[in-house]
Amino acid sequence: MNFVLSIVVSFSAFVVLVLIPLVGVWALDLRTLFGTVIPYTALLIFFLGLIVRVIGWSRSPVPFRIPTTAGQQKSLPWIKQSKIDNPSTTLGVLVRMIFEVLTFRSLFRNTRMEYREGPRIGYEWEKWLWLFALAFHYSFLVVVIRHLRFFTEPIPAFVTLVEQLDGFFQVGSAPFSGFMLPGAMLSGLLLLGAVSLLLLRRLWVAQVRYISLPADYFPLFLILGIAFTGVLMRYLLKVDVIRVKELTLGLASFQPKNPEGIGVLFYIHLFLVSVLLVYFPFSKLVHFAGIFLSPTRNLSNNSRMVRHVNPWDYPVKVHTYEAYEDEFREKMIEAGLPVEKMPERPLEQEAETLQQGEKD
Amino acid sequence: MADVPKPEELAKIDHSLSPWQGWMNAPTEIREGIACYGVAPKNTRIVDFPNPREWSPFDEDWKLPENWKEIVLDGLRERIDRFRSLKIFMDICVRCGACADKCHFFIGSGDPKNMPVLRAELLRSVYRKEFTTAGKIMGMFAGARELTYDVLKEWWSYFFQCTECRRCSVFCPYGIDTAEITIIARELLNLLGLNIDWIGAPVANCYRTGNHLGIQPHAYKDMIDFFVDEIEEVTGVKVEPSFNRKGAEILFITPSGDVFADPGTYTCMGYLILFHYLQSLGLDITWSTYASEGGNFGYFTSHEMAKRLNAKMYAEAKRLGVKWILGGECGHMWRVINQYMDTFNGPADFLEEPVSPITGTKFENAKSTRMVHITEFTADLIKHGKLKLDPSRNDNLVVTFHDSCNPARGMGLIEEPRYIIRNVCNHFFEMPENTIREQTFCCGSGSGLNAGEDMELRMRGGLARANAVKYVHERHGVNMLACVCAIDRAVFPDLMQYWVPEVGVTGVHELVGNALILDGEKERTTDLRNEPLPGVEIEEEE
Amino acid sequence: MKLEKILKQKAPAVVKTWIRMTLDTYPADARRFLNEQKDPFANPVGQALSQEMKNIYLELLEGLNPETVSSFLDYMVKIRAVQDFSPSQAVAFIFFLKKAIREELKKEIQKNRLQDECMDFESRIDALALLAFDIYVTHKKKLYEIRANQAKNQVSKLLERAGLICEIPPWNPDFKDANGQE
């Protein structure tokens, strides 16, 4: 599978997914199917799939305590332990996980050093992957939170707060306001930008391109499609927000409605979101749940202090000291090493018996 | 005229691919200089490993059982159910590429299949095919592929080009640990008798004689007696180690490499000198010929074999009735002790929580496993001022310290050896930040790859490490590379000879042995290697 | 010499092309890493390549002092000796320089009729290739030496130390032989 084929395959899949609601709603007017049935099913699959996945993981035990220690262990009291990178307590692990999940600490670690004029050395961190990843995940989160306004009435305060913060960087105030456009939200554009950059990086960096599968391009296209349709609806081809909210609120309150007059763009958006939800638990996107169960990160390095038990431990065949001594007893005695069992007769006699035995 | 290729065509590495080709189609070649020899049947038979036979990885036919594929897939299924690590690592990689350039084998060879992510994908692709719905239906579009004979050979080639050093795991945002994947992949290969002899032979030896080199008990004692004579020659003091002695307070276990391979032997003398020095302060310690191996090559075949070999440590401690165990300088030995031993063969309730008999320090971090690292022990002694040291005896040395992968990333033993070195040497310089501590570069020969036939692999695998040594050598005049690992001590001399011939290799306790002032010693004129001490030559000439 | 002046002026371009051609001998996927990772410790191969090739080129212009140029060639060839190259592949990069020069300076050479000078300079490159070959062989020999010594050290030191073999002591005129005769 080369990367061209990977991209063609995943992009084709994406195009088909866009065409489905286009045909379904625009030509066939299947609004109930696309507005109610599919979203509900997708959500159900998302939650069930995720639960099945997490249960599947947790059914495999953790036989050994194998954290990656990335700093000084707890040892003598006067040696400063690296409590986060080599945690020996649950609190340490918690902090390590929080840093890992919220700041992508391991990616951040990516340092690089350069010679600068002569023998001087400077450090620089390789920041792009970390930066794109952070921008992507956080803008995604903000976008999701902002969308809660479509599913709640009254809108909770934190949603409004996030919106205010997001809109604080109103990029659209000057030229666009004349067109009666809503103030631009940073997060949507940031999401679009970050996803594009991640995609470009995947194509640009030869190593990453080499390892990429269709399964790596597909979710990027999908999210790109979702963000793009979202931005389009918000700024250019506006849909009737009141009616949209009627629909979404209906979904949230389990009294589904499918009001007329919502543009097909909305249904494409909703369908792509549904696909993402369905795709989520069965793809690499589950990393967001998997990280919490990763044994090299979520365990403390205390296996010399507290015994870790392996649930499937079984007895094994070992070479006992007795067997060892039986094999080497005479040599051990000769070398003056203590033995458990002295031969009953002195060695010389033993040798004589052996010789006699041979004669017989 | 014949069609002569142009130099630029000739010069390409054979496995170079056009960007239009994916890695799944790239053929794997088992190459001389890179691959190790296959395990000999006698070494598999003694430990009841499957499929003992004469075979060579360079042959077309590897003489596998007919149902080899079934064996591997059943084995994989079983391990997915037993190791959450494996299951998670198979599922959550997003192929971000953060690990790609962190592997010393990729850095040294440029071979893309040496990128940790791709090494894992070799296994992951088969996992997808057999264990995921998407893989079963969509095949290669889901990144899945069939397990074929060629894929098996590819596995063998690349899982024996990984030293299980865990450097990639430090940079992975999900903590995916290629060492764990390699360990389990090697277990699968082992089910078909596909190990290398450099691992198989030490395992067989260790099982029978208690140590990797197959040293019989009397020879072990002879060797240490030989060190006793050497030490007497250098210091004028006769040290008196004891063996297999019941009722001793502490059992000492070190890798057998320290007893039989230079320059580890000088480290061993360092231990002997230290123990002798402490005798009058109340140290009561014994060596064992049965548990005469700290290292554990079983760990490079399977978890089960690791457990079988490791069992000797507690068994011997119990038989001798000691209170706790002290462990020598070794790399993977300490990963096994820190992360596996108690689980494998514990609880060690017949031992006591370790307390230093000299300083009274409780080693709280070892209160369950009851085994203490010798640098923890010695660092504590120095901190309490119990050792009379003359660091100027190491003044001919400009030292740098190599963090061995396993103590660094599977334990976190980072400051203890440094503290000791700073107290026994006057000239110590660190290598660049991104090549030490948790980011340390592997020697390139760990996890059983320290054979002779794969010298090219070892040299390029160790390039990243050697390059940093070269830098401090040129910048600070470093001439001695210190480490706390027996494999390091065995392989670094070769590596240095190739890349930075001016730099020697030492264990930390060799430096201690040189600096430690014994009661009643004569004026030392040489170090433990019988080389003149700094300044001595000049005085003689005058 | 006119050519040398031009070669000096165009040094950055020629060296860049030369390095690019040499990088092309590595797998496509490693090229970017080798070329762009500027950290000499994270990327020793790429950095050695770019640093030493520049030095070699400049040294070629100065004439060809075998000692100096060997010191630049050494690390590069040493690296290529342990990578997946055949002997010819390992040193072929030297010849790429000819092509790089012809590619970069085609116009100047024709315009100024420097073909003859160019031939002279190319014979210098040939000498360089011979040197590289010597260095390559030295390092390969070293590898086999290390390999052999490793096996020897393991066995002979064991025997020696276990007292199983007896070495002839260094010559000593006062030494009495085993029969006690002087």
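About the cut-offs
One numbering rule holds for all chains: residues counted from 1, following each sequence as written. Whichever chain is written first is A, and whichever ligand is written first is 1; the rest continue in order. Where totals are concerned, whole chains, interfaces and linings use all residues; where local detail is concerned, this predicted model gives features only for residues with pLDDT of at least 70, and gives and counts side-chain atom pairs only at 80 or more. Put simply, DSSP marks the helices as runs of H or I at least four residues long and the strands as runs of E at least two long, and each gets a number from the N terminus on. Only C-alpha atoms enter the radius of gyration; for comparison, a globular chain is expected to reach 2.2 Å times N to the power 0.38, where N is the number of residues. Exposure classes come from backbone-placed C-beta atoms, where a residue is buried if 20 or more other C-beta atoms lie within 10 Å of its own, exposed if 12 or fewer do, and partly exposed in between. We call a set of buried Ala, Val, Leu, Ile, Met, Phe, Trp, Tyr and Cys residues a nonpolar core when their C-beta atoms link them within 7 Å. Working definition of a contact: two residues with C-beta atoms, positioned from the backbone, lying within 7 Å. Any two strands are treated as partners once DSSP identifies two or more bridges connecting them. To define axes, lines are fitted to C-alpha atoms, for helices over the stretch in contact only, and angles between the resulting N-to-C directions are given on a 0 to 180 degree scale. In this classification, Asp, Glu, Lys and Arg are treated as charged, Ala, Val, Leu, Ile, Met, Phe, Trp, Tyr, Cys and Pro as nonpolar, and every other residue, Gly included, as polar. Boundaries between domains were set according to an automatic or database domain assignment. The crossing is said to be left-handed when, going from far helix to near helix, the turn is anticlockwise and less than a right angle, and right-handed when the turn is clockwise. Helices are assigned an expected span. That span is 1.5 Å times one less than the residue count. Fitting one axis to the seven residues ending at a residue and another to the seven starting there, the bend at that residue is the angle between the two axes. Each angle is binned into one of four classes, with values under 35 degrees roughly parallel, values over 145 roughly antiparallel, values of 65 to 115 roughly perpendicular, and all other values oblique. Note on handedness: a crossover is taken as right-handed if, strands pointing away from the viewer, the path from the first strand over the helix to the second is clockwise.

**Remarks on the overall build of chain B**
When helices and strands are counted, chain B shows 24 helices and seven strands. Taking 542 residues into account, the globule formula puts the C-alpha radius of gyration at 24 Å, and chain B, at 24 Å, falls close to it. Overall size of chain B, expressed as C-alpha extent along the three principal axes, is 75 × 60 × 40 Å. Looking at chain B as a whole, 65% of its 542 residues qualify as buried.

**Observations regarding the nonpolar core**
In this structure, W155, I325 and I421 of chain B are the most contacted members of the largest nonpolar core, which totals 296 residues. With eleven residues, helix α12 (residues 264–279) of chain A is the single largest residue contributor to this core. When near neighbours in sequence (up to four residues on either side) are disregarded, W155 of chain B contacts L122, L123, A185 and L189 of chain B.

**Quick notes on the sheet that holds strand β7 (residues 504–507) of chain B**
Residues and elements named next belong to chain B. Judged by pairing direction, the sheet is parallel, and its three strands sit side by side in the order β5-β6-β7 without closing on themselves. Edge strands, defined here as strands with exactly one partner in the open sheet, are β5 (399–402) and β7. Here the strands of the sheet are splayed against their neighbours by 35° on average, with no regard to which way each runs. Direction of pairing for β5 relative to strand β6 (residues 480–483): parallel, over a ladder of four bridges. By the bridge assignment for β6, F401 is matched with A482.

**Here's the deal with the interface of chain A and chain B**
Counting residues at the interface gives 80 residues for chain A, matched by 92 residues for chain B. Of all the secondary-structure elements, those providing two or more residues to the side of chain A that touches chain B are α1 (3–27), α4 (105–108), β1 (111–116), β2 (120–125), α9 (206–211), α10 (214–236), α13 (287–290) and α14 (321–334) of chain A. Considered class by class, the residues forming the side of chain A that touches chain B number 46 nonpolar, 23 polar and eleven charged.

**Side note on the environment of Q81 of chain A**
Residue and element names in this part refer to chain A. For Q81, the position within the fold is in the loop between α2 (31–59) and α3 (90–103). Placed 52 residues apart in sequence, Q81 and A133 show a C-alpha to C-alpha distance of 30 Å. Apart from the residues within four sequence positions on either side, Q81 is in contact with Q72, Q73, K74, N86 and S88.

**Some points on the domain arrangement of chain B**
Put simply, an interface is often sized by how much accessible area is lost when its parts join up. All names here are of chain B. Partitioning chain B into structural domains gives domain 1 (24–195) and domain 2 (201–524). Spacing between the C-alpha centres of domain 1 and domain 2 amounts to 31 Å. Contacts between domain 1 and domain 2 engage 25 residues on the former and 33 residues on the latter. Elements represented by at least two residues in the side of domain 1 that touches domain 2 include exactly α5 (104–109), α9 (167–171) and α10 (178–190). The element that contributes the greatest number of residues to the side of domain 1 that touches domain 2 is α5, accounting for five residues.

**Re the packing of helix α21 (residues 463–476) of chain B against helix α22 (residues 486–499) of chain B**
Residue and element names in this part refer to chain B. It is the contact of α21 with α22, at a shortest axis distance of 10 Å, that shows an interaxial angle of 65°. Considering only the axes of α21 and α22, their crossing is right-handed. Between α21 and α22, the residues in contact are L463, A466 and K470 and L495, M496 and W499, respectively. Of the residues that constitute the contact of α21 with α22, the class distribution is five nonpolar, no polar and one charged.

**What to know about α22 of chain B**
Residue and element names in this part refer to chain B. Given a rise of 1.5 Å per residue, 14 residues ought to cover 20 Å, and the 20 Å separating the end C-alpha atoms of α22 matches this to within 8%. Considering bend angle alone, the principal kink of α22 is centred on F492 and spans about 35°; proline P493 follows within four residues of it. When you tally the buried positions in α22, you get 13 out of 14 residues, the bulk of the element.

**Digging into unusual backbone geometry**
For the bond running from E153 of chain A to P154 of chain A, omega is 0°, close enough to zero to count as cis. Considering the arrangement of structural elements, one finds P154 of chain A in the loop between α5 (128–147) and α6 (157–168). P263 of chain B follows D262 of chain B through a cis peptide bond whose omega is 0°. Residue placement: P263 of chain B occurs in the loop between α13 (257–260) and α14 (264–279). Positive phi, close to 55°, is recorded for R95 of chain B, a residue that is not glycine. With respect to the helices and strands, R95 of chain B occurs in the loop between α4 (84–92) and α5. A tally of 22 C-beta atoms within 10 Å means that R95 of chain B is categorised as buried.

**Considerations on the pairing of strand β1 (residues 250–253) of chain B**
Residues and elements named next belong to chain B. The alternating pattern of β1 places I250 and F252 and L251 and I253 on opposite faces, both of which are buried. Sheet analysis places β1 next to strand β2 (residues 285–287), joined by three bridges and oriented parallel. Across the sheet, residue I250 finds its bridge partner in β2, namely I285. With four bridges connecting them, β1 and strand β3 (residues 324–327) associate as parallel partners. In the strand pairing of β3, I250 is matched with W324.

**Looking at the sheet that holds strand β4 (residues 371–373) of chain B**
Residues and elements named next belong to chain B. Read across the open sheet, the four strands follow the order β2-β1-β3-β4; overall the sheet is parallel. Where the open sheet ends on each side, the last strands, each with one partner, are β2 and β4. On average, each strand axis in the sheet is inclined to that of its neighbour by 30°, with strand direction left out of account. Where β3 and β4 come together, three bridges link them in parallel fashion. Its bridge partner lying in β4, I325 is registered against M371. The strands touched by helix α17 (residues 374–383) within the sheet are β3 and β4, with β4 carrying the most contacts at an inclination of about 70°.

**Digging into the packing of α2 of chain A against α12 of chain A**
Residues and elements named next belong to chain A. Closest axis-to-axis distance for the α2/α12 pair is 8 Å, and the angle between their directions is 20°. The pairing of α2 with α12 is recorded here as roughly parallel in orientation. Judged by the sense of rotation from one axis to the other, the crossing of α2 with α12 is left-handed. Where α2 abuts α12, its residues F34, G35, I38, P39, A42, L43, I45 and F46 lie against Y267, L270, F271, S274, L277 and V278.

**Considering the pairing of β7 of chain B**
All names here are of chain B. Both β6 and β7 contribute to a ladder of four bridges, which runs parallel. For M480, the partnering residue across the bridge sits in β7 and is G504. Taking the sense of rotation as the criterion, the β-α-β connection linking β6, α22 and β7 turns out right-handed.

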